Amino acid sequence: MQTRKPLLPDAARRTAAWCVVLLLVMGVAAVAIWLCVTLKTAVTPVLLALLGTALLGPVHRWLVARGVNRSLAAGLTCVLLVAVVGGAGYIVVTALIDTGGQIVRSLKDVGQWVVDHFGFARDINVDNLAANAQKLVEKFGAGAAGGLLTGISLVGSLIATSVLALLLTFFFLRDADRAAALAHSLAPRDTGELVEAMGRRAFEAVEGFMRGTTFIALIDATCIAVGLLILRVPGAVGLGALVFVGAYIPYLGAFLSGAVAVLVALADRGVVIAIWVLGVVLAVQVLEGHVLQPVIQSRTVQMHPAMIMIALTAGASVAGLLGLLLAVPVCAAAFGVVGELRKGYASAPGAAPPPGAPPPPGASGPPGG
């Protein structure tokens, strides 16, 4: 009996199957993003609590290893989190308030210098440009804040979100040992080990990103602030604080904060000092890119710069400022989950061994040997 010939060649059927898989994955991702945006009032504190847990998880484990009760260790860790975040926020806000006016005046001087030396239209008013820019920033800030939490005032929203995130951080730290049992209970059939491994790998990626980024941000801000102080650039402390905050947005934050530092130096100290500031910023970026990033984050967050830029763009389009802050850790966690899935598939019974792998024990040699 003659077999019926397939309507499509094998390559076309494989391509169609992969297209169906991609459509399903994209559909699930789109629904998940839609749910997160719709439920952002509840999702935002959870994500912030996960970041805080990832940052201070080693402190909690250290306290538990020293015999401290898990609840007490979680409480002490949350107190440390409040002290660190509150102290850093106070330093950053105070520095920006003290030197913000001076930085804005320097940027206005740069705009006037560009207008005077490059022959732009004489009817351009730098003060009007500054006022329009301030209105644009206020509008963007209001839109970002309204996108985070709606229905109540901004101050009340921030306080409520912070308190809820702090409480969730306490519970996440205290009950972290139960996460494995929860994963096994929720996983279907015999996939408990794989689900646990994916969860651990995703959290390790976020933990590595938070610790590494904080350490790198501190080094970058210190080096640039010291360089600006040596060069006597106005607002050096505020610019250093801006560098620290911008470091949590990879590449884009460093570029913007460095550009502001160079423009301030150009306006107040002239072209020569601005070139020196540019050299300091570039030297710090080279140190970060070739020493700090490979040493600190090579084992936890392995992402190509192009993927990071795509993630930042997607995060900003979905959730604004919050999306910029969360895009890279979420993407790193997703890469960790995909890596565990590939590892689990490769180790599954009946899976083809990778090229160049040795034959399994007891395998027979080639025929005729």
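Please refer to the structure higher up on the page.
Figured I'd write up the structure that's included with this text. (Residues numbered from 1 in each chain as written. Predicted model: local features only at pLDDT ≥ 70, side-chain atom pairs only at ≥ 80, totals over all residues. Heavy atoms only, no water.)

Counting its regular elements, the protein chain contains 11 helices and 0 strands. Sequence-ordered secondary structure for the protein chain, helices as α and strands as β, is α-α-α-α-α-α-α-α-α-α-α. For the protein chain, the residues scored as buried account for 29% of the 369 residues in total. When contacts within the protein chain are restricted to residue pairs at least 6 apart in sequence, long-range pairs at least 24 apart make up 71% of them. When the accessible surface of the protein chain is split by element, carbon and sulfur atoms take 72% of a total near 23,400 Å². (Helix = DSSP H or I, 4+ residues; strand = E, 2+ residues; numbered from the N terminus. Buried < 20%, exposed > 50% of the residue type's maximum accessible area, 1.4 Å probe, protein only. Contact = heavy atoms within 4.5 Å. Areas by Shrake-Rupley, 256 points an atom, 1.4 Å probe, with all protein chains shown as cover.)

The topology assignment puts Leu72 in helix α3 (residues 70-117). Separated by 12 residues in the primary sequence, Leu72 and His60 have C-alpha atoms spaced 9.5 Å apart.

Formed by 38 residues in total, the largest nonpolar core has its most connected members in Met210, Leu228, Val233, Val277 and Leu312. Among the elements of the structure, α2 (40-65), α7 (192-230), α8 (236-246), α9 (252-269), α10 (271-297) and α11 (305-346) are those that each provide at least two residues to this core. Leave out the neighbours within four places in its chain, and Met210 touches Leu51, Ala54, Leu55 and Tyr248. (Core = buried A, V, L, I, M, F, W, Y, C linked by side-chain atoms within 4.5 Å.)

Before going further, it helps to spend a moment on unusual backbone geometry. For Arg232, which is not a glycine, the phi torsion comes out positive at approximately 60 degrees. Here Arg232 is to be found in the loop between α7 and α8.

Turning our eyes to something else, we now look at a nonpolar patch on the surface. On the surface, Val31, Trp34, Leu35 and Leu39 cluster together into a nonpolar patch covering about 420 Å² of accessible area. Tracing the sequence through the fold places Val31 in helix α1 (residues 10-38). (Patch = residues over 30% accessible without salt bridge, like charges linked within 9 Å, V, L, I, M, F, W, Y side chains within 5 Å. Salt bridge = Lys/Arg side-chain N within 4 Å of Asp/Glu carboxyl O.)

Opposite charge on two side chains makes pairing possible when the charged atoms of those side chains draw close. All told, the structure shown has 5 salt bridges when counted by the stated rule. For Glu207, the salt bridge identified is with Arg61, shortest N-O distance 3.0 Å. A residue pair is termed long-range when its members are at least 10 positions apart, and Glu207 in helix α7 and Arg61 in helix α2 qualify at 146 residues. On the basis of relative accessible area, Glu207 is assigned to the buried category, the value being 7%.

A word on the environment of Leu55. Within the element layout of this structure, Leu55 appears in helix α2. Judged by its relative accessible area of 25%, Leu55 is partly exposed. As a C-alpha pair, Leu55 and Arg211 span 156 residues in sequence and 5.7 Å in three-dimensional space. Apart from the residues within four sequence positions on either side, Leu55 is in contact with Met210, Arg211 and Thr214.

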